Number of protein chains: 2
Amino acid sequence: MSFDTYFPVWDKLNTEQKELISKSLITQRIEKGTIVHNGALDCTGLLLVKSGQLRTYILSDEGREITLYRLFDMDMCLLSASCIMRSIQFEVTIEAEKDTTLWIIPAEIYKIIMDKSAPVANYTNELMASRFSDVMWLMEQIMWKSLDKRVAMFLLEESSIEGTNELKITHETIANHIGSHREVITRMLRYFQGEGLVKLSRGKITILDEKGMEEIRDA
Amino acid sequence: MSFDTYFPVWDKLNTEQKELISKSLITQRIEKGTIVHNGALDCTGLLLVKSGQLRTYILSDEGREITLYRLFDMDMCLLSASCIMRSIQFEVTIEAEKDTTLWIIPAEIYKIIMDKSAPVANYTNELMASRFSDVMWLMEQIMWKSLDKRVAMFLLEESSIEGTNELKITHETIANHIGSHREVITRMLRYFQGEGLVKLSRGKITILDEKGMEEIRDA
């Protein structure tokens, strides 16, 4: 598959814009563990994940991390080009969690096109809204509902009661136990899975990192 | 002052687009306390604050609120038109904190123009990035640094030591006491002031709502 099949608004570009992107497009293979973007220091450009996995997180002064979201195949990474919008006033770190192949559209090239093309600007808007929504979800769950704590506590209790790290339990059951909704529990469990805390499989939740789960519970 | 002097990309619109907005523009006066936008129920449109003050907040199932940001004269409110972007997957409430005069561009009209106009789409992008940044700031401060708690605790202690609610203390001093930066403390104090917890004046911080401050400290 080539870049034009990955970039959703390719057909909305004029010939000149297509040529500009094609000429400046960089393909890069990066190894697992590579820091792709480091706060305000970098303004690499728009990244399109061809294959692999990226993690976007924020880092406190004390070195604590919070994962904001992950990007998978065909996802577009906007915050690695945060310099193109002066109103983005926060810094994130982006790291390859797997060996990853990327296309990079240099920031200045993307900006030239976005300034002129309504479809590209609107596509960028949807990207930002989507990441904004991820962050709002995370904030609501953690700040208010302490849902991360409550799910961690519940799973640790179950594990202690059953004497095993392999829990045969549905998301629905967890939701009922802690007064939430199945969809919400599923999303939080997937977040835990992404963090390497649990492994999800059909009708089963396996606790992989008991210590990590305890840290969340006791935070 | 008329609408075109308030709307930053007015000059970038073509005649047809200007007419479309002018024809559909609604001017509304609303009283303090009015809910201007209520989560997914509404999709009023883009609001431009002519004069007054709006507060955007999220509401938990238990009825707790967190203020995300405020809008003042000449500010544009995007999330009241969240239906125009399918990727906005969260809900906010917007309330008039003072008697407010608004211009409203109906959501469907704004969408028609944004779809065609790169300047309007890019302006919308900057608006969203700006609100996204507000939320990131809030999340970082509250989740990690518990800066709200630490500032509240410090001010309450000082007040108790000095035997007065009128503290003669600089933001710099507070920053030094709790290991932060002056700019960060100033921003948090302004947030407190917006919430009616303190009043800021030259070289002085007055605690207005001791109970509210204690609630933050003990949260």
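About the thresholds
- Residues numbered from 1 in each chain as written.
- Chains lettered and ligands numbered in written order.
- Predicted model: local features only at pLDDT ≥ 70, side-chain atom pairs only at ≥ 80, totals over all residues.
- Heavy atoms only, no water.
- Axes fitted to C-alpha atoms, helices over the stretch in contact; angles between N-to-C directions.
- Helix = DSSP H or I, 4+ residues; strand = E, 2+ residues; numbered from the N terminus.
- Parallel < 35°, antiparallel > 145°, perpendicular 65-115°, else oblique.
- Left-handed = near helix turned anticlockwise from the far one by under 90°.
- Contact = heavy atoms within 4.5 Å.
- Nonpolar A, V, L, I, M, F, W, Y, C, P; charged D, E, K, R; others polar.
- Salt bridge = Lys/Arg side-chain N within 4 Å of Asp/Glu carboxyl O.
- Least-squares fit on C-alpha atoms with pLDDT ≥ 70 in both.
- Pairing = 2+ DSSP bridges.
- Buried area = accessible area lost by both parts, 1.4 Å probe.
- Polar contact = N/O pair within 3.5 Å; in protein donor to acceptor, adjacent residues only side chain to side chain.

(A) Looking closely at the packing of helix α2 (residues 15-24) of chain B against helix α3 (residues 107-116) of chain B. All names here are of chain B. Put simply, α2 and α3 touch, their axes get as near as 10 Å, and they point 165° apart. The orientation of α2 relative to α3 falls into the category roughly antiparallel. For the pair α2 and α3, the crossing hand works out as left-handed. Contacts between α2 and α3 pair Q17, L20, I21 and S24 from the former with I109, I112, I113 and K116 from the latter. The residue inventory of the contact of α2 with α3, partitioned by class, reads five nonpolar, two polar and one charged.

(B) Layout of the pattern of salt bridges. Counted under the stated rule, the structure contains 22 salt bridges over all chains. Among the ionic pairs, R70(A) bridges to E195(A), the shortest N-O distance being 3.0 Å. Taken together, the positions of R70(A) in strand β5 (residues 65-71) and E195(A) in the loop between α7 (182-194) and β10 (198-201) put the pair 125 residues apart, joining distant regions of the chain. A salt bridge links K111(B) to D115(B); the nearest nitrogen and oxygen atoms lie 3.3 Å apart. Taken together, the positions of K111(B) and D115(B), both in helix α3 and four residues apart, correspond to about one turn of that helix.

(C) Just the relation of the copies chain B and chain A, in detail. The operation relating chain B to chain A is a screw motion whose rotation component is 180°, with 0.0 Å of axial translation and a residual RMSD of 0.0 Å. Taken together, these values place the two copies in the relation of a two-fold axis. Residues of chain B ranked by C-alpha distance from the rotation axis are headed by A118(B), positioned 1.9 Å from it. A share of 100% of interface residues in chain B that are also interface residues in chain A marks the association as one of identical surfaces.

(D) Structural view of the sheet that holds strand β11 (residues 204-207) of chain A. All names here are of chain A. Here three strands make up an open sheet; going across it, the order is β9-β11-β10 and the pairing antiparallel. Here the strands that pair on one side only, and so sit at the sheet edges, are β9 (166-167) and β10. Summarising the sheet, β9 and β11 pair through two bridges and their orientation is antiparallel. Looking at β11, one finds that L167 is bridged to I205.

(E) Examining the interface of chain B and chain A more closely. Residue-level contacts link 40 residues of chain B with 40 residues of chain A. Summed over both partners, the interface of chain B with chain A comes to about 3,700 Å²; 69% of that surface belongs to carbon and sulfur atoms. Along the contact surface separating chain B from chain A lie zero salt bridges. Remark: the boundary between chain B and chain A carries 12 residue pairs in polar contact (both at pLDDT 80 or more). Elements with a minimum of two residues in the side of chain B that touches chain A: β4 (54-59), β5 (65-71), α3 and α4 (118-145) of chain B.

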